[in-house]
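# Overview (structure and organization)
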Amino acid sequence: MKKFISEFKEFALKGNMLDLAIGLMLGTAFNSVVKSIVDDILMPIVGALIGQRDFSTFVFTFYGATIKYGVFIQNIVNFIIIALSLFMVVKVMNKLKRKQEVVEEVTQEAKKSDEALLLEEIKNTLVEIKNKQ
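One structure accompanies this document, and this report is about it. Quantities reported herein were computed from a predicted structural model and do not represent experimental measurements. Every chain is numbered independently, its residues counted from 1 as its sequence is written. This being a predicted model, a pLDDT of at least 70 is required before a residue's local features are given, and a value of 80 or more before pairs of side-chain atoms are given or counted; all residues contribute to the totals for chains, interfaces and linings. Side-chain numbers come from the whole structure's heavy atoms, not from hydrogens or water.

### Some thoughts on the overall build of the protein chain
- In terms of helices and strands, the protein chain carries 4 helices and 2 strands.
- The C-alpha atoms of the protein chain give a radius of gyration of 29 Å, which is well past the 14 Å a tight globule of 133 residues would have.
- Each principal axis of the C-alpha distribution contributes one length, and for the protein chain these read about 90 × 55 × 30 Å.
- Buried, partly exposed and exposed residues are distinguished by accessible area as a fraction of the type maximum, computed with a 1.4 Å probe on protein chains only: under 20%, between the cut-offs, and over 50%, respectively. Split into buried and exposed, the 133 residues of the protein chain put 8% on the buried side.
- The contact definition used throughout considers only heavy atoms, calling two residues in contact when any of these lie within 4.5 Å. Excluding contacts between residues fewer than 6 apart, the proportion of contacts in the protein chain whose partners are at least 24 apart in sequence is 35%.
- Positive charges come from Lys and Arg alone, negative charges from Asp and Glu alone, with His and the N- and C-terminal ends not counted. Every charge is mapped to an atom, namely NZ of Lys, CZ of Arg, CG of Asp or CD of Glu. Taking the average place of the 17 positive charges on the side chains of the protein chain and the average place of its 15 negative ones, the gap between the two points comes to 6 Å. Numbered from the N terminus, helices here are DSSP runs of H or I no shorter than four residues, and strands are runs of E no shorter than two. For this measure, only C-alpha atoms enter the radius of gyration; the expected value for a globule follows 2.2 Å times N^0.38, where N is the number of residues.

### Here we look at unusual backbone geometry
- Phi at tyrosine 63 takes a positive value of approximately 50 degrees, unusual for a residue other than glycine.
- Position of tyrosine 63 relative to the elements: it lies in the loop between β1 (60–62) and β2 (65–67).
- Accessibility expressed as a relative area gives 79% for tyrosine 63, which makes it exposed.

### Considerations on a nonpolar patch on the surface
- Residues enter a patch when their relative accessible area is above 30% and they make no salt bridge; the linking distance is 9 Å between like charges and 5 Å between nonpolar side chains (Val, Leu, Ile, Met, Phe, Trp, Tyr). Calculation of accessible area relied on Shrake-Rupley with a 1.4 Å probe; when residues are assessed, cover is drawn exclusively from the protein chains displayed. Salt bridges, as used here, are contacts in which a Lys or Arg side-chain nitrogen is within 4 Å of a carboxyl oxygen on Asp or Glu. Taken together, the side chains of Phe60, Phe62, Tyr63, Ile67, Tyr69, Phe72, Ile73, Ile76, Phe79 and Ile80 make up a nonpolar region of the molecular surface, amounting to roughly 1100 Å² of accessible area.
- Contributing elements (two or more residues each) for the nonpolar patch: β1 and α3 (69–111).
- Per-element accounting of the nonpolar patch gives the leading share, 6 residues, to α3.
- Relative to the helices and strands, phenylalanine 79 is located in helix α3.

### Looking at the nonpolar core
- Think of a nonpolar core as a cluster: buried Ala, Val, Leu, Ile, Met, Phe, Trp, Tyr and Cys residues, connected wherever their side-chain atoms sit within 4.5 Å. Counting 6 residues, the largest nonpolar core consists of Val34, Val38, Met43, Phe55, Phe58 and Ile81.
- No other element matches helix α2 (residues 15–50), which puts 3 residues into this core.
- With near-sequence residues (within four places) excluded, valine 38 lies in contact with Met43, Pro44, Gln74, Val77, Asn78 and Ile81.

### Side note on the environment of methionine 1
- Note on placement: methionine 1 falls in the segment before α1 (2–12).
- Residue classification places methionine 1 among the exposed residues on the basis of a relative accessible area of 76%.

### Focus on the pattern of salt bridges
- Evaluated as defined, the whole model comprises 1 salt bridge.
- A salt bridge links lysine 3 to glutamate 7; its shortest N-O distance comes to 4.0 Å. One end of the pair is lysine 3 and the other is glutamate 7, both in helix α1 and 4 residues apart, which spans about a single turn.
- Lysine 3 gets classed as exposed once you look at its relative accessible area, which sits at 63%.

The following block contains the structure:
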């Protein structure tokens with residue numbers, strides 16, 4: 001039993017698992033924000049433009065089955081807003097990552113010691129001499 005608990009701890013405390021759990025919690029919180037934007041801001045505006053505030057009343061009956069296409073429309077709007085928001089977040093993160101990579105490259109170049117620079121210069125000179133022969 002101790003081995004099982006030990007293996008579970010190792011699994012549960014891995015970095016990827018924690019990142020996934022944090023992402024899931026943030027995603028859930030983000031979902032409530034997006035739902036509020038759609039339900040409380042966008043859909044009332046769209047509803048006012050078309051003369052009906054609540055899309056959930058958009059239904060029709062087909063052989064006794066109620067088709068709630070208004071709810072479907074609202075879910076599509078939710079999806080588009082979430083997808084657009086995530087795209088923007090990923091775009092910003094990629095831009096920041098590229099900037100960080102440039103900073104790291106510059107830092108690595110700056111960290112080279114005088115001896116390393118001298119050795120690199122000697123190596124380049126020897127390569128030039130060899131290529132001329």
